Amino acid sequence: MKSFITYGRDSHFPIENIPFGVALINGEKRIVTAIGDYVLDLKMLEGIGYIFQEKKVFQTETLNEFMGCGKKVWTDARNRIQKLLDADNAELRDSEVIRNECFHLMKDVEMVLPVSIGDYTDFYSSREHASNVGEMFRGKENALMPNWLHIPIAYHGRSSSIIVSGEDVRRPKGQTRPDPNAAPVFGASKQMDFELEMGFFIGTGNNLGENITVENAEEHIFGMVVVNDWSARDIQAWEYQPLGPFLAKNFATSISPWIVTLDALQPFRTEGPKFEKELLPYLQTKGNPTFDINLEVKLKSGKMDEAVMICESNYKYLYYNMRQHLAHHTVNGCNTRTGDMMASGTISGPTKDARGSMLEITWRGTEPIKLPSGEERKFIEDGDTVIMRAYAKGENYTVGFGEVKAKLLPAK
Ligand code: MN
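Described below are features of the structure shown in this document. Quick caveat, the model's predicted, so the values are computed rather than measured. (Residues numbered from 1 in each chain as written. Predicted model: local features only at pLDDT ≥ 70, side-chain atom pairs only at ≥ 80, totals over all residues. Heavy atoms only, no water.)

## Regarding the overall build of the protein
Now for step 1: Of the regular secondary structure elements, the protein holds eleven helices and 26 strands.
Now for step 2: Relative to its length of 412 residues, the protein is compact, with a C-alpha radius of gyration of 21 Å against a globular reference of 22 Å.
Now for step 3: When its C-alpha atoms are laid out on the principal axes, the protein stretches across 75 × 55 × 35 Å.
Now for step 4: Residue burial in the protein is summarised as follows: out of 412 residues, 55% are buried.
Now for step 5: Within the protein, contacts between residues separated by at least 24 positions form 72% of all contacts whose residues are at least 6 apart in sequence.
Now for step 6: Of the roughly 18100 Å² of accessible surface on the protein, 48% is carried by carbon and sulfur atoms.
Now for step 7: Taking the 47 positively charged and 56 negatively charged side chains of the protein as two groups, their mean positions are separated by 3 Å. (Helix = DSSP H or I, 4+ residues; strand = E, 2+ residues; numbered from the N terminus. Rg over C-alpha atoms; globule rule 2.2 N^0.38 Å. Buried < 20%, exposed > 50% of the residue type's maximum accessible area, 1.4 Å probe, protein only. Contact = heavy atoms within 4.5 Å. Areas by Shrake-Rupley, 256 points an atom, 1.4 Å probe, with all protein chains shown as cover. Lys, Arg positive; Asp, Glu negative; His and termini not counted. Charge placed at Lys NZ, Arg CZ, Asp CG, Glu CD.)

## Digging into the sheet that holds strand β9 (residues 169-170)
Now for step 1: The strand order β9-β26-β25-β20-β21 describes an open sheet built from five strands, whose pairing is mixed. The open sheet is flanked by β9 and β21 (308-314), the only strands paired with a single partner.
Now for step 2: Across two bridges, β9 lies against strand β26 (residues 398-409) in parallel orientation. Across the sheet, R170 pairs through a bridge with L409, a residue of β26. (Pairing = 2+ DSSP bridges.)

## A word on the pattern of salt bridges
Now for step 1: With the rule as written, the count across this model stands at 26 salt bridges.
Now for step 2: Here R30 ties to E28 by a salt bridge, and the two come within 2.9 Å at their closest N and O atoms.
Now for step 3: Judged by relative accessible area, R30 falls into the buried class, the value being 14%.
Now for step 4: Note that D384 is salt-bridged to R377, the shortest N-O span being 2.7 Å. (Salt bridge = Lys/Arg side-chain N within 4 Å of Asp/Glu carboxyl O.)

## Notes on the coordination of the manganese ion
Now for step 1: The protein atoms that coordinate the manganese ion are D122 (OD), E195 (OE), E197 (OE) and D229 (OD), at distances of 2.1 to 2.2 Å.
Now for step 2: Spacing between the donor residues of the manganese ion along the chain follows D-x72-E-x1-E-x31-D. On the criterion of sequence distance, the pair formed by E195 in the loop between β12 (192-193) and β13 (196-202) and D229 in the loop between β14 (221-228) and β15 (231-232) is long-range, its members being 34 residues apart. (Donors = N, O, S within 2.8 Å, 3.2 Å for Na, K, Ca; no water.)

## Concerning the pairing of β26
Successive residues of a regular strand alternate their side chains across the two faces of the sheet.
Now for step 1: In this sheet, β26 lies alongside strand β25 (residues 385-393) in antiparallel orientation, the contact comprising eight bridges. In the strand pairing of β26, K393 is matched with T398.
Now for step 2: Adjacent in sequence and paired antiparallel, β25 and β26 are bridged by four residues.

## Observations concerning the environment of P152
Now for step 1: Within the secondary structure, P152 is located in the loop between α6 (127-138) and β7 (154-156).
Now for step 2: Looking at P152, the relative accessible area reads 3%, which means it is buried.
Now for step 3: Taking the C-alpha atoms as reference points, P152 and F401, separated by 249 residues in sequence, lie 25 Å from one another.
Now for step 4: Setting aside residues up to four positions removed in sequence, P152 forms contacts with F123, S125, L283, Y320, Q324, H325 and H328.

## Thoughts on helix α10 (residues 322-330)
Now for step 1: In terms of burial, α10 is a largely internal element, nine of the nine residues being buried.
Now for step 2: Among the residues of α10, M322, R323, Q324, H325, L326, A327, H328, H329 and T330 are the ones counted as buried.
Now for step 3: A distance of 3.1 Å separates the backbone nitrogen of R323 from a side-chain oxygen at the start of α10, and that oxygen is part of N321. (Polar contact = N/O pair within 3.5 Å; in protein donor to acceptor, adjacent residues only side chain to side chain.)

## Describing the sheet that holds strand β4 (residues 103-105)
Now for step 1: Strand order in the open sheet formed by five strands is β4-β3-β2-β1-β5, and the pairing between neighbours is antiparallel. Sheet topology places β4 and β5 (110-112) at the edges, where each strand pairs with a single neighbour. Direction aside, the axes of adjacent strands within the sheet are offset by 50° on average.
Now for step 2: Here three bridges tie strand β1 (residues 21-25) to β5, and the two strands are oriented antiparallel to one another. For A23, the partnering residue across the bridge sits in β5 and is M111. (Axes fitted to C-alpha atoms, helices over the stretch in contact; angles between N-to-C directions.)

## Looking at the environment of E167
Now for step 1: In this structure, E167 sits in the loop between β8 (162-164) and β9.
Now for step 2: A sequence separation of 75 residues divides E167 from P242, and the C-alpha atoms of the two residues are 32 Å apart.

## Examining empty space enclosed by the protein
Now for step 1: The tally for this structure, following the rule as stated, stands at two cavities of 30 Å³ or more.
Now for step 2: Space inside the largest cavity adds up to approximately 40 Å³.
Now for step 3: Elements with a minimum of two residues in the lining of the largest cavity: α3 (71-85), β14 and α9 (262-265).
Now for step 4: At three residues, α3 tops the list of elements feeding residues into the lining of the largest cavity.
Now for step 5: Residues that form the lining of the largest cavity fall into these classes: four nonpolar, two polar and two charged. (1 Å grid on protein atoms, 1.4 Å probe; cavity = no way out; pocket = protein on both sides within 12 Å on 5 of 7 lines; lining within 4 Å. Points joined across faces, edges and corners; volume = space filled by probe spheres on them. Nonpolar A, V, L, I, M, F, W, Y, C, P; charged D, E, K, R; others polar.)

## Topic: the packing of aromatic side chains
Now for step 1: Evaluated as defined, the whole model comprises 16 aromatic pairs.
Now for step 2: Put simply, the rings of F20, F58, F66, W74 and F222 touch in pairs and so form one group of aromatic residues.
Now for step 3: The cationic tip of R364 hangs over the ring face of F137; the distance from NZ or CZ to the ring centre is 3.9 Å. (Phe/Tyr/Trp six-rings, centres within 6.5 Å; stacked < 30°, edge-to-face > 60°. Lys NZ or Arg CZ within 6 Å of the ring centre and 35° of its normal.)

## Some words on α3
For an α-helix, 3.6 residues make a turn, and residues three or four places apart therefore share a direction.
Now for step 1: With 15 residues, α3 extends 21 Å between its outermost C-alpha atoms, agreeing within 8% with the 21 Å of an ideal straight helix rising 1.5 Å per residue.
Now for step 2: For α3, the complete set of buried residues consists of W74, T75, A77, R78, R80, I81, Q82, L84 and L85. (Expected span 1.5 Å × (residues − 1).)

Here it is in structure tokens:
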């Protein structure tokens, strides 16, 4: 495939990708795709009849209507957009007036939250992450809880505080107990952390009382984003038992603005880890149920000109895959709806440089990292920017997610 728009082989947005997002163009939220260094205005192309669908779903300010149409509509739309961008197709290529109107340089437009997000669930599906955290809090012997190898663990998160890349995050205040022999105290969190995750969006959901099987799960999944599940570790340590995280997590969750479809990710399918314990039949998946997606985290303090790499991981390290997430989430008859988001949990890998949170990288602050500026970090400090990127490598192209980036502001 070749587009008349040119870009390098490392561009995250070649014609093989065609992600979906919402951009602010002349003060208006418009549904767009990305190609090379440009965003392409799909609202306009649908409006003038270049994209024809039964329902005009690109005239709204979020992707929800489109997402609710189902897999065939998503695939048809993506195919049609690819066709419009094809170097051999004159329709858009030779329509100079329309071309001048519908392409915008990506660096000139602001991306906004692409979906009106419904319910948000965060899993805990990296064995390495669960083992690292378990070891720190409970010792090596009890690192993995007895249920972990049998069920995908998760908690219900909060969607109201999900924000898009580029929005700053405010250090939260809360209750902690720094001295286990003294009374708890109130104040700004002193252990701010990120969690490197990926999330998926429900396109078409299921009715209450029904369930989605591992075989059907991907029919319901619209696409994926990169997620930074901001975490206040000191608040978390004091509040998490017995019902799991609450205020340590719900003050902010950042996502990347582009949703990459599962169609675009097909070439990157892979098997994933072996299951140590035989799973119950409803969780057993066949074939290549996961994806080879490279993940990076970079950190930039206020004193640094350039961000430094602090983690390199991969989506394929996850023990439980998306099919299992959705099948498990609905096996009791829990309904899901268009726009719901499910995140993976921190994606750590088998090596030290693949640890997906500061908690693990610095081993709860006991092994601080040195930054090129000479500064040290145990956790994230005010003025630090955290940048996460994800991309899958093809033979001569890259299917990328762009980045999710946010700066930490001091507590109010
Ligand atoms: Mn998380």
